Structure formats: C-alpha cells, structure tokens
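These are the residues of each chain, in order.
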Amino acid sequence: MKHTLAVLVQNRPGVLTRISGLFSRRGYNIESLSVGRTEEPTISRITIVVEGDDQVVEQVCKQLYKLVDVIKVSDITKDAHVDRELILIKVNADPANRGEIMQFVDVFRAHVVDIGKNSLIIEATGDEEKINAIEASLQPFGIKEVVRTGKVAMIRGAKPTEK
Amino acid sequence: MGVKTIGAMEMPNERTREIPKTKELEMTGAEIVLECLKHEGVEVIFGYPGGSVLPLYDALYDSDLRHILVRHEQGAVHAADGYARSTGRPGVCIATSGPGATNLVTGIANAYMDSVPIVAFTGQVGLGLIGKDSFQEADITGITIPITKYNYLVRDVNKLAQTIHEAFYLATTGRPGPVIIDLPKDITTKTAAFSYPPQRELPGYKVIRRGNHEKIRQAVLAIENAKRPVIIAGGGVISSGAHKELAQLVEKTGIPVITTLMGKGAFPEDHELTLGMLGMHGTAYANYAVCEADLVLSAGMRFDDRVTGDVNTFAPKAKIIHIDIDPAEIGKNVRVDIPIVGNCRDVFREILKRIKKISFPEWLERVSGWRRDYPLKYSGGEKLKPQFIVEEISRLTNGEAYITTEVGQNQMWAANYYTCKYPRRFISSGGLGTMGFGLPAAIGVQVAHPEAIVFDIAGDGSVQMTSQELATAVTYRLPINIAILNNNYLGMVRRWQELFFNGRYSETKLSSSPDFVKLAEAYGARGIRVTSPEEVRPALQEAIHAPEPVIIDFIIDPKENVYPMVPAGGSLNKMLGR
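Basis of the calculations
Residues numbered from 1 in each chain as written. Chains lettered and ligands numbered in written order. Predicted model: local features only at pLDDT ≥ 70, side-chain atom pairs only at ≥ 80, totals over all residues. Heavy atoms only, no water. Helix = DSSP H or I, 4+ residues; strand = E, 2+ residues; numbered from the N terminus. Buried < 20%, exposed > 50% of the residue type's maximum accessible area, 1.4 Å probe, protein only. Contact = heavy atoms within 4.5 Å. Areas by Shrake-Rupley, 256 points an atom, 1.4 Å probe, with all protein chains shown as cover. Lys, Arg positive; Asp, Glu negative; His and termini not counted. Charge placed at Lys NZ, Arg CZ, Asp CG, Glu CD. Phe/Tyr/Trp six-rings, centres within 6.5 Å; stacked < 30°, edge-to-face > 60°. Domains from an automatic or database assignment. Buried area = accessible area lost by both parts, 1.4 Å probe. Salt bridge = Lys/Arg side-chain N within 4 Å of Asp/Glu carboxyl O. Pairing = 2+ DSSP bridges. Axes fitted to C-alpha atoms, helices over the stretch in contact; angles between N-to-C directions. Polar contact = N/O pair within 3.5 Å; in protein donor to acceptor, adjacent residues only side chain to side chain.

1. Topic: the overall build of chain A
Right, so step 1: Along chain A, the regular secondary structure elements total 4 helices and 9 strands.
Right, so step 2: The secondary structure elements of chain A, listed N-terminal to C-terminal, are β-α-β-β-α-β-β-α-β-β-α-β-β.
Right, so step 3: Considering only C-alpha atoms, chain A reaches an extent of 55 × 35 × 35 Å along its principal axes.
Right, so step 4: In chain A, buried positions account for 45% of the 163 residues.
Right, so step 5: Long-range pairs, those at least 24 residues apart, make up 73% of the contacts in chain A with a sequence separation of at least 6.
Right, so step 6: By element, 52% of the accessible surface of chain A is carried by carbon and sulfur atoms, the whole surface being about 8,600 Å².
Right, so step 7: Considering chain A, the positive charge centre built from 23 side chains and the negative charge centre built from 23 side chains are found 5 Å apart.

Following this line, the structure appears as structure tokens:
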C-alpha cells in the first residue's frame, strides 16, 4: 500500500542526502519525493510517497524521526487530505490536431504554456489519478517528453498537517 | 521554535555537568576547538597530525590537554572508543583530511554499531578548495552519513563553538553514538568571539527517558503473572548506568539474567542467576531458557541476528517486553508485545517502584537442570587450550580486570570463559565485528585507568591488523597485556569452512606471521611465549607485574573450536556441540 508522509526538516545542507540515503540503505521504496520551504524559511517540508505494509512504513517513520534534522514525521494517508501533482507534457501537435488536443486540455482544466511549430507544452495539476488520465489521453498524439513534480499534500480543515 | 529536548545531559555514573558561562574572548578557530574541549570536560585526545589540522596541532602545542599520538588513525578512534566504553565519557579523536579522515571510517562505523559516544574532528581542505578534488580532500561528511549519529561540516567560524557543543550533546545523550566535525583548514585560522556554552539549535532532536506509564504498568503485570521469565540485558543497560537497578530487580524477582555480548558485565557473572550469553555462541542453558520462557524482558538490546538466530522461532512461547531508548529498535527485528521507549535505568526504577516481591522456584529448577546437564565445556589434558587461558586470566584478576577483545574465536572464548563482575570492563566490537579493535581499545582503556589491569584477548589474525599501535603503548608506558591465542589460523572463518564448505580451507592459514615475542621486543615491549598449560599462570603473573606492555604468545591447540554453536539463521535450540 502507498503511504503519504509529510516530513518537516531543518533547512540545512545535506538534509536531502540524509533522507534519500536512508531510504536506499534500508531498502525502502520511494514512489515520489518533493521538497520545498514552508511558511518558516528555516524549515522545509518533504512529501514522500512510500510503498510498503504498515510495519515497513512504521519503521520508515521511526528511522526518519531518528535523523537529527527531521523535526516531525506525519503519515497522513488515512487523514482527509488534499494532494496535488504538477505535470508538464510536450506533445506532438500539428495544425490538424491542435483543436482536438485543446479539447482535452479544457476537459482536464489544464493549460497550454508553450506553442511550437509541431508541438505544445501542456501544464496540468491534480491528484495522481487525474495526472495519469491526462497523460493517457494525450498518448495517441505522441508524447515527446514528460516531467512530473511528485506529490505535495496537506490535511483538510483548520488544523496544521503536523499534529 | 525552542529546543524541545527532554532531560538533561546523560553522562552515566556522573552528576550532570554544569558548564560555567564564560566571558567573550576573540580566538582563532583552533583555539576555540581546544577551549570547547576543556569546557566539555575532555582530558585526553587521541590523534594523528597532518596538513589540514596543522593549525589545530599548533594550538595544541601550547595546551595542557593530553594528546596521545597513535600510529594509524584507526588506532585513534578505537582508543577513543575504549576510553569511552570504559568511562562512560565521550572519546575524542583527531585526524587530518583525506586519508586521515577515511582511516577513521571503520572505527566510526564500529562505534555507531555499538552506540559509543565519540566526537571525531577531521581536518578538511580550505573552504575555497572544497569540491575541487584538492590534495587530500575527501567528502568525509558524505561518506559517514550512514555511520554517524550526526555530522557537521563547519562553514562559519562563528558557529564553531555551537557545533562542538551540539556534537557533545548529541554523542552523549539518548542512544549514544559517534559525531564527526569536519574542520576546513581556514576555519581553524579565522577568528571569532568565543563564549561558552552557546545555545543549541536542535529542534528535531528529542530524548525520551522515562517510558510510558501505562506500558510500564502492563510490563509489571506481565512479569508478576509470568511462570518462566528471563531478562536479556544488552549494552543499553551498561550505557544508561542501569546495572544497580538490574541487580535490584533480580533481587526482588529472582528472574535469571542472560546478557548479550554488549551487555556482558551488566550483571555480575559470579551470581547464581547469571546464564551468560545467548545466541550463536551463547551457552546452551541461556538458549534453552529463551526457547522455553513465557516472558522475555529485554532491555537495551536490539535483537541482532547473532542473538536471535531464526527470528520466527525466537522465544516462541514468550511475551516480549522491549525497553529501548531508540524507538526505531522496537519492532525492527522481532514482534514486541509491550514496547517501552526509555532509558533502561529510569524504566527499571519505575518497574522497581511497583513490582511485588516474587519468585519462580520451579522455573529456576529447570534452568539449573540445563546448566547442570549442558555446561560450557572443553577437554583439558596436556594441550594448551584457549578456554583454559581465559579462565586463568579470569581467576588471576578475580574478574575485575578490563578486558578488550579482538574479533573471532578469541572473542567468543573471552565472552564465554571470562567471569566479568562489573559493567564497562568487557569491551568488544559487537555489531561491526572489527578485527584489530582490541589492541587500540586497550590503549584507550589504560589511558583512562592507569592503575588498572588491562588485557586484550587477541587472535593471531586480528592483532596483526593494528599491531603498529604497540608503539603507542610503549611511548606512553601503558602496561597493557596482549594475550594472543595463536592457532596460526583465521579460526572463526576456518570453522565455517569446516562446517559449510566441506573443509576447503581457502586462505585461512596464516603461515608466515611474525615471531610475536620478537615483535614485542622490536617495539620495546616485553614478549613471552607459552606452549604448555603449566606455563600459563607464571606468564600471566609476569605480564601483570611488568611495567611495560607485554605480548604473551600462547601457542594453542590449533584444532580447538568454539562450542556450542547455532548455525546462522538456525533456531536457538538446535545447537552443535552442546
């Protein structure tokens, strides 16, 4: 089962190395990882999607917690939360099929952010399912390149994600 | 966000040290390092100079801090390790950048596996040269991330004192461990205003000491309702200074005590309720007791594979209580019924407050039966047996000496046949299994305890990995005794070849070892050779009374092996040579 972990860390050099090293060393599987600073400039938030049963994920959380730079680890999988990913897709597009592509873009409430002679770059945000769906829909036109950010997530409601 | 750390500095067996606040003074980075060490109560440093640490050594030239010059950086870190394990205070070592720093790596990993507090300073090339593959540059903080509790690369001399203060705090509190501080050369020559102690900024570091009350209540209930309980005491009992509380708990409950290799000395081994070590080379009676127990109270140990054998058949009938300061150890290897996160000493105290006086006469009867039927044994006779030598060391020193070991058969004979009475006196490389640990560790122990009798129980293979440190022992007149159980083989590996590789002894015969007596003499130490059982005692007596380091080269029966043995991954009740 996939778990979504929200990890608050001190924004220090090497922190990402410590975390990614921990995953590879102990044989945990990272599905995705995204990192950025929070409302507090000295603190960054890492959202990690990790695959494993409850026992493995419990170990992952404990091992993460053991790192001196890690301030808080929350497994928010079972909490009501919003999660989003961003994707950029470079797709083949000639004047003949641009219209058709634009229809998909509208349906998914995505945006065209670059128009080339024979290509478009489409930007979309959404949960994993939606991102997978838009990618699949554009597949028939010929996808030249895809880049995804990995998931970021936040607990719904007034309370902060780090309980 | 403030510092959320719970509990004060934990230096077992010591009062919490108050560091007096100093006035601000302008100092160089090198001076700051030495000043910080003094404020942290450091008395001795083990190290080896080199280009990047020249400013530090120049400051040391005028300092009254004691520095022990080793012959290889690995010797420095193992000596610091022996110093730390035998005193409970952090060991400190210094190495230069590049190869100096990488030579520390084995010793750092060793200290990390056995949770030993060490603060290691490494030189680094100047800030402007970092990342340019400069001469003697190595990314030591990158290299040591997985084997340190934490590490620092100091980039601002104004942060140096804070870094050192944090490093000592991290190394000695919670689950102890090694911390590296990487010092670029120019950081040690720049100046900054110095005052002590600085503020710590460790918002992510928390230590839970006391243990959850509800879990402790459950544990007490489980112990009182048990029929066949055992205690397994690990290194955490020693490092938290919980040996007295353990003795009180045994006094009140009469539960027999098994120790891990790291826990040896946590409970006096001349006590009638001691069962010795469990696991691969544990005693048969300890292993049977674990297999039959209905309750295992494990404290400050981590269910290493050498302890559990097959985890699926480990303590199959038992409810398991696991006390550990490190939450990540709980449930890592075996299922745990009652987890208690906390310091062994504090948790034992809570248990002692609540537990009734109980006894288990029938169970003890069964345990005594196993002890009677399956004792540790070896055949004596005219041949010189390693077990006999260890027993003689034990008898002659009344189990009160400081013992370090190398790794291999010598280590297991030492663990099984030396009757250790006190904590912090049996010092062995448990987790990493580092050959070459014993000799430099003995140096560290002797530096900390100049009057004590110190023995390194060694093998002819292991001792050659760090034998250059004999020069260190001679230089500082450290009268360590190195008892080499010499069988001309890498005995432990040979044993596995015998059992699992049809006796194909690939590269395990050490045919051209030096004459160890001459080797000792070449360094200015004393060398004694022993070939028969009746020479053992006089040789040991001579060694103990000698004012200089001594090597005793015991030419043992080369066919002797370690029994009993549980093959790797096997069940603890299926022992060979029981």
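2. Observations concerning the packing of aromatic side chains
Residues and elements named next belong to chain B.
Right, so step 1: In this structure the tally under the stated criterion is 12 aromatic pairs over all chains.
Right, so step 2: When the centroid spacing of 4.9 Å and the interplanar angle of 90 degrees are considered together, the rings of Tyr-150 and Tyr-152 count as edge-to-face. Per residue, the accessibility class of Tyr-150 equals that of Tyr-152, and both read buried.
Right, so step 3: Their ring planes at 80 degrees and their centres at 5.8 Å tell us that Trp-363 and Trp-370 sit as a pair that is edge-to-face. This pair shows no difference in class: Trp-363 is buried, exactly as Trp-370 is.

3. Some points on the domain arrangement of chain A
Residues and elements named next belong to chain A.
Right, so step 1: According to the domain assignment, chain A contains domain 1 (2-75) and domain 2 (82-152).
Right, so step 2: Taken over C-alpha atoms, the centre of domain 1 sits 29 Å from the centre of domain 2.
Right, so step 3: Summing both sides of the interface, domain 1 and domain 2 together bury roughly 410 Å²; the carbon and sulfur share of this comes to 46%.
Right, so step 4: Considering only the side of domain 1, the residues that lose the most area to domain 2 are Ser-32, Ser-34 and Thr-47, jointly responsible for 58% of the buried surface there.
Right, so step 5: In this assembly, domain 1 and domain 2 are joined by 1 salt bridge.
Right, so step 6: Glu-128 is the partner of Lys-2 in a salt bridge, and the nearest nitrogen-oxygen pair spans 3.3 Å.

4. As for the domain arrangement of chain B
All names here are of chain B.
Right, so step 1: For chain B, the assigned domains read domain 1 (25-194), domain 2 (213-373) and domain 3 (386-555).
Right, so step 2: Here the C-alpha centre of domain 2 lies 37 Å away from the C-alpha centre of domain 1.
Right, so step 3: Contact residues are listed per partner, giving 6 residues for domain 1 and 6 residues for domain 2.
Right, so step 4: In this assembly, domain 1 packs against domain 2 so that about 510 Å² is buried in total across both faces, 55% of it on carbon and sulfur atoms.
Right, so step 5: For domain 1, the biggest contributors to the area lost against domain 2 are Met-113, Asp-114 and Arg-175; these three give 71% of the whole.
Right, so step 6: In this assembly, domain 1 and domain 2 are joined by 2 salt bridges.

5. Description of the pattern of salt bridges
Right, so step 1: On inspection of all chains with the given rule, the structure shows 42 salt bridges over all chains.
Right, so step 2: For the salt bridge of Arg529(B) with Asp515(B), the shortest nitrogen-to-oxygen distance reads 2.7 Å. Of the two residues, Arg529(B) is situated in strand β19 (residues 526-530) and Asp515(B) in the loop between α20 (491-500) and α21 (516-523); the sequence distance between them amounts to 14 residues.
Right, so step 3: Take Arg529(B): its relative accessible area is 37%, and that puts it in the partly exposed class.
Right, so step 4: Looking at Asp515(B), the relative accessible area reads 30%, which means it is partly exposed.
Right, so step 5: Here the salt bridges share partners, and the residues they tie into one network are Lys66(A), Arg175(B), Asp326(B), Glu329(B) and Lys332(B).

6. Focus: the interface of chain A and chain B
Right, so step 1: Counting residues at the interface gives 17 residues for chain A and 22 residues for chain B.
Right, so step 2: The contact between chain A and chain B buries some 1,600 Å² in all, and 51% of this surface belongs to carbon and sulfur atoms.
Right, so step 3: The three residues of chain A that bury the most area against chain B are Arg18(A), Lys66(A) and Val68(A), which together make up 36% of that side's buried surface.
Right, so step 4: If you look at where chain A meets chain B, you find 1 salt bridge.

7. So, the sheet that holds strand β3 (residues 66-69) of chain B
Strand pairing in a sheet relies on backbone hydrogen bonds. The paired strands run either parallel or antiparallel.
All names here are of chain B.
Right, so step 1: What the 6 strands build is an open sheet, ordered β3-β2-β4-β5-β7-β6; its pairing is parallel. Bordering the open sheet on either side are β3 and β6 (150-153), each of which pairs with just one other strand. Within this sheet the neighbouring strands show an average axis-to-axis angle of 20 degrees, counted without direction.
Right, so step 2: Both strand β2 (residues 44-47) and strand β4 (residues 91-95) contribute to a ladder of 2 bridges, which runs parallel. Counted as the bridge partner of Gly-47 is Ile-94 from β4.

8. Details of the side chain of His165(B)
Right, so step 1: Summarising the element assignment, His165(B) is placed in helix α7 (residues 160-172).
Right, so step 2: Within the structure, His165(B) has its side chain in polar contact with the side chain of Glu40(B) (distance 2.7 Å).

9. Focus on the sheet that holds strand β2 (residues 29-37) of chain A
Residue and element names in this part refer to chain A.
Right, so step 1: An order of β2-β3-β1-β4 is seen for the 4 strands of this open sheet, with the pairing classed as antiparallel. Two strands lie at the open edges of the sheet, namely β2 and β4 (70-75), each paired on one side alone. Between one strand and the next, the sheet's axes are offset by a mean angle of 20 degrees, whatever the strand orientation.
Right, so step 2: Relative to strand β3 (residues 43-51), β2 runs antiparallel, the two being bridged by 8 bridges. Within β3, the position partnered with Ile-30 by the bridge is Val-50.

10. Digging into the side chain of Glu166(B)
Right, so step 1: On the secondary structure map, Glu166(B) appears in helix α7.
Right, so step 2: Within the buried core, Glu166(B) has no salt-bridge partner, and the shortest N-O distance to an opposite charge, that of Arg12(A), equals 4.4 Å.

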